[in-house]
Amino acid sequence: MPNLANGFLCFGPATFVSVAFILSQFGQQGCTFIGLPQSEGQNTRFFDQTTAAYAGIYCWQGVAGQKWMYSNDEPEGLVFARQMALATTVMGAVAWLFYVFSSCIRYHAAIWFLMSLVLLATTVTQALQFQLFSNDLCIDDGCTFGKSSRLVISACVFWFISAIMTCAVVKEAKDKRNAQDN
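These numbers come from a predicted model, not from an experiment.

A word on the sheet that holds strand 5 (residues 144-145). What the five strands build is an open sheet, ordered 4-3-2-1-5; its pairing is antiparallel. Among the strands making up the open sheet, the edge pair consists of strand 4 (67-69) and strand 5. Bridging between strand 1 (residues 34-35) and strand 5 involves two bridges; their strand directions are antiparallel. Bridging across to strand 5, glycine 35 finds its partner in threonine 144.

Further remarks concern the side chain of threonine 122. Structurally, threonine 122 can be placed in helix 3 (residues 109-127). Looking at threonine 122, the relative accessible area reads 0%, which means it is buried. Looking at threonine 122, its side chain comes within polar contact range of the main-chain oxygen of valine 118, at 2.7 Å. If we ignore the near neighbours within four places in the chain, the residues touching threonine 122 are Thr88, Met91, Gly92 and Trp159.

Glancing now at the state of the cysteines. If you walk through the whole model with that rule in mind, you get one disulfide. A sulfur-sulfur distance of 1.6 Å marks the disulfide that ties cysteine 31 to cysteine 59. Disulfide cysteine 31-cysteine 59: the torsion about the S-S bond is -95°, which places it as left-handed. Of this pair, cysteine 31 sits in the loop between helix 1 (11-29) and strand 1 while cysteine 59 sits in strand 3 (residues 59-62), and the two are 28 residues apart along the sequence. Using a relative accessible area of 4% as the deciding quantity, one classes cysteine 31 as buried.

With that settled, consider the nonpolar core. In globular proteins that are soluble, nonpolar side chains generally tend to be buried together. Counting 19 residues, the largest nonpolar core has Val17, Phe98, Tyr99, Trp112, Met115, Leu119 and Trp159 as its most contacted members. Of all the secondary structure elements, the ones that give two or more residues to this core are helix 1, helix 2 (78-101), helix 3 and helix 5 (147-181). No other element matches the six residues that helix 5 contributes to this core. Counting residues in each nonpolar core, the second largest holds 16 residues, with Ile57, Trp60, Phe130 and Val152 among its members.

With that out of the way, let us pick up the packing of helix 3 against helix 5. Put simply, helix 3 and helix 5 touch, their axes get as near as 8 Å, and they point 165° apart. By the criterion of interaxial angle, the relationship of helix 3 to helix 5 is roughly antiparallel. In the packing of helix 3 onto helix 5, the handedness of the crossing is left-handed.

Its 19 residues place the ends of helix 3 27 Å apart at the C-alpha level, agreeing with the 27 Å of an ideal helix rising 1.5 Å per residue. All buried positions along helix 3 are accounted for by Ala109, Trp112, Met115, Ser116, Val118, Leu119, Thr122, Thr123, Thr125 and Gln126.

For the rest of this paragraph, the subject is the side chain of glutamine 28. Structurally, glutamine 28 is set in helix 1. A polar contact of 2.9 Å, which involves the side chain of glutamine 28, links it to the side chain of glutamine 129. Those residues within four positions of glutamine 28 in sequence are excluded, and the remaining contacts are Ile57, Tyr58, Ala85, Thr88, Thr89, Gln126, Gln129 and Val152.

Quick look at the pairing of strand 2 (residues 52-55) now. Where strand 1 and strand 2 come together, two bridges link them in antiparallel fashion. What sits directly across from glycine 35, in strand 2, is tyrosine 54. Direction of pairing for strand 2 relative to strand 3: antiparallel, over a ladder of three bridges. Counted as the bridge partner of alanine 55 is tryptophan 60 from strand 3. Counting the residues between successive antiparallel strands, the hairpin from strand 2 to strand 3 contains three residues.

Rules used throughout
Residues numbered from 1 in each chain as written. Predicted model: local features only at pLDDT ≥ 70, side-chain atom pairs only at ≥ 80, totals over all residues. Heavy atoms only, no water. Pairing = 2+ DSSP bridges. Helix = DSSP H or I, 4+ residues; strand = E, 2+ residues; numbered from the N terminus. Buried < 20%, exposed > 50% of the residue type's maximum accessible area, 1.4 Å probe, protein only. Polar contact = N/O pair within 3.5 Å; in protein donor to acceptor, adjacent residues only side chain to side chain. Contact = heavy atoms within 4.5 Å. Disulfide = S-S within 2.5 Å. Core = buried A, V, L, I, M, F, W, Y, C linked by side-chain atoms within 4.5 Å. Axes fitted to C-alpha atoms, helices over the stretch in contact; angles between N-to-C directions. Parallel < 35°, antiparallel > 145°, perpendicular 65-115°, else oblique. Left-handed = near helix turned anticlockwise from the far one by under 90°. Expected span 1.5 Å × (residues − 1).

Put into structure tokens, the structure is as follows:
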């Protein structure tokens, strides 16, 4: 195993964290999170359902592909989804920066364990964005997963695998520390 400054080969977890962060950002910023059911001339207070094909966390997309921001009156569950998206972005950026600096800084095993908990929390906040499916439109007529929600599902998987891989680094950090002390 290469002897990096921190003594770990973090390429695996760092790659998974990077992929998760990129997928998460594209999924959260996309306007195609929820595929809306097509109705016959039914308007809602959020958008005209005959022209809206998808709803996202920050915007919605029309049938012709044009993207629109929400008006002041937003669908139920959107504020919570936005809060979870912000929490995911902040924790994901912290995790990514942690792994960027892991090749230069030797972290204590407790810090690696804390990072694994942060990655698990990031997985949970990413998954909680699916509460957006519990709005009135989806409960009444049913909604489908859009492209953005598929990206977010993939990001959840990558966040979780990163957390598990980071737990393995915790054991390695303890072993290396014990070997140095002896």
